[in-house]
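Below are the chains, spelled out letter by letter.
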Amino acid sequence: MRVSLPPLIAVRAFEAAARHGSFVRAAGELSITPAAVSQQVRYLEERIAVQLFTRHPRGVQLTQVGADYATSLTAALDQIAAATDRVRTADATGTLTISTTPSFAAKWLMPRLIRFQNRHPELDVRLSTSNALSDFKLHDIDLAVRYGKGRWPGLQAELLLGTDRFPVCSPALRDGPVPLRRPKDLSRHTMLHVKTDEWAEWLAFAGLRDMPWSRGPQYSDAGLVTQAAVEGHGVALGQRVLVADDLAAGRLVEPFKLRMPGEAAYYVVTLPGASDRPKVRKFLEWLRDEARLTSSRSPRSRPSATRAS
């Protein structure tokens, strides 16, 4: 069985007093009073039943036992301090594992990640992509960004980016032989799909419930359907977060001034308490900065005056 250890505060008071040869100087190091140092040393002597100091009117002097004990304690405290520094440094440097969806990684995170690497070169980011929420402990995930409604049992979720949905296409398709000017023009174009019912929701929002919507190719990922729209394969229902850079670069255009607010959003997801870890906190702070920048550059949802036109 482990022998009962004396309180650390008493051990630190004695070790400091032994190293300085003075209760006053020890008190200065520990930011307590000399009387408190004396009290803690006295308590330690009583606890181990050994006299560690000889008291004199002009000061104190270590006994031989006290000197031997102080040497051992100094070495032990140095080891504790070194181990603490190693743990602290290990969690502030090294590898940071981020999990997110392939579409969010390709269309939002990757174009911005170089700014995090420049800000924190001491961290190496390992990016894991999947449309499923990974097991944090099994796959050693530090942080995830997920699309949903913010409810994942056993995990902490923080809203990162809200998003609207609206049709997007290539400039050539919008201005081609069959131009896209009004929502009803969609009836003469190919609709690109990720989920089978997403176009039905937007068409109902636009007042076009009777328009056929199920035709057109279907893709497994929002990033793929966005790229298909860039290539001119049809009209995609874009998420603002995922198409913002393509719109800004002119690779995509928004043919109608009608955006449907999304019920889901992008959330930062962590295990409870993970945000207190230095490397996770660094990435979180950077993500929030980038999210604010994205939101400040994104126009608000457009008015719905063009419905059913």
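Owing to the predicted nature of the structure, the values given are computational and were not obtained by experimental measurement. (Residues numbered from 1 in each chain as written. Predicted model: local features only at pLDDT ≥ 70, side-chain atom pairs only at ≥ 80, totals over all residues. Heavy atoms only, no water.)

K.L.:
How should I be thinking about the overall build of the chain in this particular structure?
P.N.:
Helix and strand content of the chain: ten helices and nine strands. A compact globule built from 309 residues would reach a C-alpha radius of gyration of about 19 Å, whereas the chain, at 32 Å, exceeds it by more than 25%. Taken along its principal axes, the extent of the C-alpha atoms in the chain is 105 × 40 × 30 Å. Expressed as a percentage of the 309 residues in the chain, the buried residues total 42%. Taking all contacts inside the chain whose residues are at least 6 apart in sequence as the whole, residues at least 24 apart take part in 74%. Both charge centroids of the chain, one from 42 positive and one from 31 negative side chains, sit 4 Å from each other. (Helix = DSSP H or I, 4+ residues; strand = E, 2+ residues; numbered from the N terminus. Rg over C-alpha atoms; globule rule 2.2 N^0.38 Å. Buried < 20%, exposed > 50% of the residue type's maximum accessible area, 1.4 Å probe, protein only. Contact = heavy atoms within 4.5 Å. Lys, Arg positive; Asp, Glu negative; His and termini not counted. Charge placed at Lys NZ, Arg CZ, Asp CG, Glu CD.)

K.L.:
Where do I start with the environment of T294 in this structure?
P.N.:
Counting through the fold element by element, T294 comes out in helix 10 (residues 278-297). Among the residues examined, T294 registers a relative accessible area of 7% and is labelled buried. Residues T294 and D245, 49 residues apart in the sequence, show an inter-C-alpha distance of 9.7 Å. Excluding its chain neighbours within four sequence positions, the residues that come into contact with T294 are W108, R112 and L161. Polar contacts involving the side chain of T294 include one to the side chain of W108, which spans 3.1 Å. (Polar contact = N/O pair within 3.5 Å; in protein donor to acceptor, adjacent residues only side chain to side chain.)

K.L.:
Looking at this model, I keep getting lost on helix 7 (residues 198-205). Mind explaining?
P.N.:
Helical geometry note: an α-helix holds 3.6 residues per turn, so side chains three or four residues apart project in the same direction. When we look at burial in helix 7, the residues that qualify are E198, W199, W202 and L203. Around the axis of helix 7, the buried residues are gathered within 125 degrees of arc, so they sit on the same side. Buried residues belonging to helix 7 abut strand 6 (156-168), strand 7 (191-192), strand 8 (235-239) and strand 9 (260-270). In the stretch just after helix 7, G207 is the one whose phi turns positive, near 80 degrees. (Arc of directions from axis to C-beta.)

K.L.:
Please explain the nonpolar core as it appears in this structure.
P.N.:
When a protein is soluble and globular, its nonpolar side chains tend to lie buried together. In terms of nonpolar packing, the biggest core is built from 23 residues, with F104, L109, L143, L160, L161, F283 and L287 touching the most fellow members. Residue assignment for this core shows that the elements contributing at least two residues are strand 3 (94-100), helix 5 (102-119), strand 5 (143-148), strand 6, helix 9 (240-249), strand 9 and helix 10. Look past the residues within four positions of L109 in its chain and what remains in contact with it is I98, T100, F104, L127, F283, W286 and L287. Ranked by size, the runner-up nonpolar core spans 18 residues in total, among them A13, L44, F53 and A70. (Core = buried A, V, L, I, M, F, W, Y, C linked by side-chain atoms within 4.5 Å.)

K.L.:
Explain the layout of surface pockets here, please?
P.N.:
To find leftover empty space, one rolls a probe the size of a water molecule over the atoms. By volume, the largest pocket amounts to about 570 Å³. Residue lining of the largest pocket: 25 residues in total, with Y147, V194, K195, A222 and Q239 positioned closest to the centre. If one sorts the elements of the lining of the largest pocket by residue count, strand 9 sits on top with four residues. Considering only residue class, the lining of the largest pocket consists of nine nonpolar, eight polar and eight charged. (1 Å grid on protein atoms, 1.4 Å probe; cavity = no way out; pocket = protein on both sides within 12 Å on 5 of 7 lines; lining within 4 Å. Points joined across faces, edges and corners; volume = space filled by probe spheres on them. Nonpolar A, V, L, I, M, F, W, Y, C, P; charged D, E, K, R; others polar.)

K.L.:
In this structure, what is going on with the confidence of the model for the chain? I would like to understand it.
P.N.:
For residues with low pLDDT, the predicted coordinates do not support detailed interpretation. With 92% of its residues at a pLDDT of 70 or more, the chain has an overall mean of 88. Looking across the chain, the model is least confident in helix 4 (residues 64-92), with a mean pLDDT of 82, and most confident in helix 6 (residues 171-174), with 96. (pLDDT = per-residue confidence, 0-100.)

K.L.:
Would you mind showing me how to read the sheet that holds strand 3 here?
P.N.:
Paired through their backbone hydrogen bonds, the strands of a sheet run either parallel or antiparallel. Spatial strand order, 4-3-5-9-6-8-7: seven strands in an open sheet with mixed pairing. Every interior strand has two partners, whereas the edge strands, strand 4 (123-129) and strand 7, have only one. Judged from the two bridges that link them, strand 7 and strand 8 form a sheet pairing that is parallel. Paired with M191 across the two strands is V235, which belongs to strand 8. Each of strand 3, strand 4, strand 5, strand 6 and strand 9 touches helix 5; the most contacted strand, strand 4, lies at about 175 degrees to it. Helix 7 rests against strand 6, strand 7, strand 8 and strand 9 of the sheet, and its axis sits at about 70 degrees to strand 6. (Pairing = 2+ DSSP bridges. Axes fitted to C-alpha atoms, helices over the stretch in contact; angles between N-to-C directions.)

K.L.:
Would you take a moment to explain the pattern of salt bridges for this structure?
P.N.:
In total, this model carries 20 salt bridges according to the counting rule given. The closest approach of N and O atoms between R288 and E158, which form a salt bridge, is 2.8 Å. In this pair, R288 is assigned in helix 10 and E158 in strand 6, connecting sequence segments 130 residues apart. By relative accessible area, which is 30% here, R288 ends up partly exposed. Ionic pairing is found between R174 and D175, a salt bridge with its closest N-O pair at 3.0 Å. (Salt bridge = Lys/Arg side-chain N within 4 Å of Asp/Glu carboxyl O.)

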